[in-house]
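The residues making up each chain are set out below.
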Amino acid sequence: MFLIERHEVISSTNDRAKALASEGKRNICVIADRQTGGRGRMGRSFYSPSGCGLYLSVAFAPKVHGEDSALLTTYAAVAVWECIRELTGMTADIKWVNDVYLHGKKVCGILAESKIDYTTGMFDYAVLGIGINVKKTPFPDELAAIASDLETETGVCIDREELTALLLQKLSDMEAAFETRAFMQTYRANCLVLGKEIEVIRGGERFAAHALDVTDRGELLIRVGDETRVLQSGEVSVRI
Ligand code: BTN
């Protein structure tokens, strides 16, 4: 269960949730109608206009090892995937590791940030930020070709409160789900990069690979030439 803090406008719900977590707060959820500085991975921004999306961040202390941090993002991606299926009947695609797509366009991004206790290797806290484009969204030109929203792609106008309640219920079940990791089957079955030729961007590197599998720890197994490698983080794009 999460205690909810709501804002009409905020810079970034992740920043607010991190500030609360560093004050010692746990199991808290920050929600905003609009973000002026919504952040994505790789230093990107996340377009967060008023009245269109669900922008929320939860701060909690996951009881898994810090090395398993990819599990937080994969669980959240499956939770969003299930919400979309339950509320619209449509099957979305998950792009390793943190994006949810419908008809080839991104409708949701997930940003996990954490503080690890280096004496134990466990999480001091984690903040999981989820941005879902729900209602018809007036994307700027540079995003219109790659991003979309649930209303446009499914024809269903989802109530944001209903989506919030369903998503928070699923996020509350996370610790129990980490025991069996059964959700990873849903992740793999709907992961759009598996079996494909991909381009990996990691640190300053950029290289071609073949995506083989996603492990139970949320890592991407890739083949590069004759070598099999395990990716814990990074950005991949499917090569056409
Ligand atoms: C990405 O696309 O790389 C991740 C986007 C994550 C966006 C969400 S919106 C709520 C939370 N607050 C932020 O500043 N970012 C996340």
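Before reading further, recall that the structure is shown in the block above.
This one's a predicted model, so the numbers in the text were calculated from it and none came from an experiment.

### As for the overall build of the chain
- Broken down by element type, the chain carries seven helices and twelve strands.
- For 240 residues, the compact-globule estimate of 2.2 N^0.38 gives 18 Å, and the chain sits close to it at 17 Å.
- With respect to the three principal axes, the spread of C-alpha positions in the chain is 50 × 45 × 35 Å.
- Of the contacts made within the chain by residues no fewer than 6 positions apart, 64% connect residues no fewer than 24 positions apart.
- Of the roughly 11,000 Å² of accessible surface on the chain, 49% is carried by carbon and sulfur atoms.

### Thoughts on unusual backbone geometry
- A cis amide bond links Trp-96 with the next residue in sequence, Val-97, at an omega value of 0°.
- Locating Val-97 in the fold gives a position in the loop between strand 4 (93–95) and strand 5 (99–102).
- Backbone geometry at Asn-27 places phi at a positive 55°, although glycine is not the residue there.
- Turning to its location among the elements, Asn-27 is positioned in the loop between helix 1 (13–22) and strand 2 (28–35).
- Phi at Arg-181 is positive, roughly 60°, even though this residue is not glycine.

### Concerning the packing of aromatic side chains
- Counted under the stated rule, the structure contains five aromatic pairs.
- Ring centres 6.4 Å apart and planes at 75° place the aromatic pair Phe-46 and Tyr-55 in the edge-to-face group. This pair shows no difference in class: Phe-46 is buried, exactly as Tyr-55 is.
- Centroid distance Tyr-75 to Phe-178: 6.1 Å. Interplanar angle 80°. Geometry classified as edge-to-face. Taken together, the residues span a long stretch of sequence, with Tyr-75 in helix 2 (residues 70–88) and Phe-178 in helix 6 (residues 174–180) at a distance of 103 residues.
- With relative accessibility at 8%, the residue Tyr-75 sits in the buried group.
- With a relative accessible area of 5%, Phe-178 lands in the buried category.
- Through pairs of rings, three or more aromatic residues link up here, namely Tyr-75, Phe-178 and Phe-183.
- Looking at Arg-229, its charged tip hangs above the ring of Phe-207, at a distance of 5.0 Å from the centre.

### What to know about the sheet that holds strand 3 (residues 53–60)
- On the basis of which strands lie adjacent, the open sheet formed by seven strands has the order 1-2-3-7-6-5-4 and mixed pairing. Single-partner strands in this sheet number two, and they are strand 1 (3–10) and strand 4. With strand direction ignored, the average angle separating the axes of adjacent strands in the sheet is 20°.
- Strand direction decides the pairing type here: strand 4 and strand 5, joined by three bridges, are antiparallel. From the neighbouring strand, Asp-93 faces strand 5, where its bridge partner is Tyr-101.
- Across the face of the sheet, helix 2 comes into contact with strand 3, strand 4, strand 5, strand 6 (105–117) and strand 7 (122–133) while running at roughly 30° to strand 7.

### A few points about the layout of surface pockets
- Approximately 710 Å³ is the volume attributed to the largest pocket.
- Arg-44, Ser-45, Phe-46, Asp-99 and Lys-106 are, among the 38 residues lining the largest pocket, the residues nearest its centre.
- Each residue belonging to the lining of the largest pocket can be placed in one class, and the counts come to 16 nonpolar, 15 polar and seven charged.
- Approximately 370 Å³ is the volume found for the second largest pocket.
- Lining the second largest pocket are 21 residues, with Ser-69, Ala-70, Thr-73, Gln-232 and Ser-233 positioned closest to its centre.
- Counting residues per element, the ones that place at least two in the lining of the second largest pocket are helix 2 and strand 6.
- Looking at which element gives the most residues to the lining of the second largest pocket, the answer is strand 6, with six residues.
- Of the residues in the lining of the second largest pocket, the class split is eight nonpolar, eight polar and five charged.

Analysis parameters
- Residues numbered from 1 in each chain as written.
- Predicted model: local features only at pLDDT ≥ 70, side-chain atom pairs only at ≥ 80, totals over all residues.
- Heavy atoms only, no water.
- Helix = DSSP H or I, 4+ residues; strand = E, 2+ residues; numbered from the N terminus.
- Rg over C-alpha atoms; globule rule 2.2 N^0.38 Å.
- Contact = heavy atoms within 4.5 Å.
- Areas by Shrake-Rupley, 256 points an atom, 1.4 Å probe, with all protein chains shown as cover.
- Phe/Tyr/Trp six-rings, centres within 6.5 Å; stacked < 30°, edge-to-face > 60°.
- Buried < 20%, exposed > 50% of the residue type's maximum accessible area, 1.4 Å probe, protein only.
- Lys NZ or Arg CZ within 6 Å of the ring centre and 35° of its normal.
- Pairing = 2+ DSSP bridges.
- Axes fitted to C-alpha atoms, helices over the stretch in contact; angles between N-to-C directions.
- 1 Å grid on protein atoms, 1.4 Å probe; cavity = no way out; pocket = protein on both sides within 12 Å on 5 of 7 lines; lining within 4 Å.
- Points joined across faces, edges and corners; volume = space filled by probe spheres on them.
- Nonpolar A, V, L, I, M, F, W, Y, C, P; charged D, E, K, R; others polar.

In short, geometric facts, not functional conclusions.
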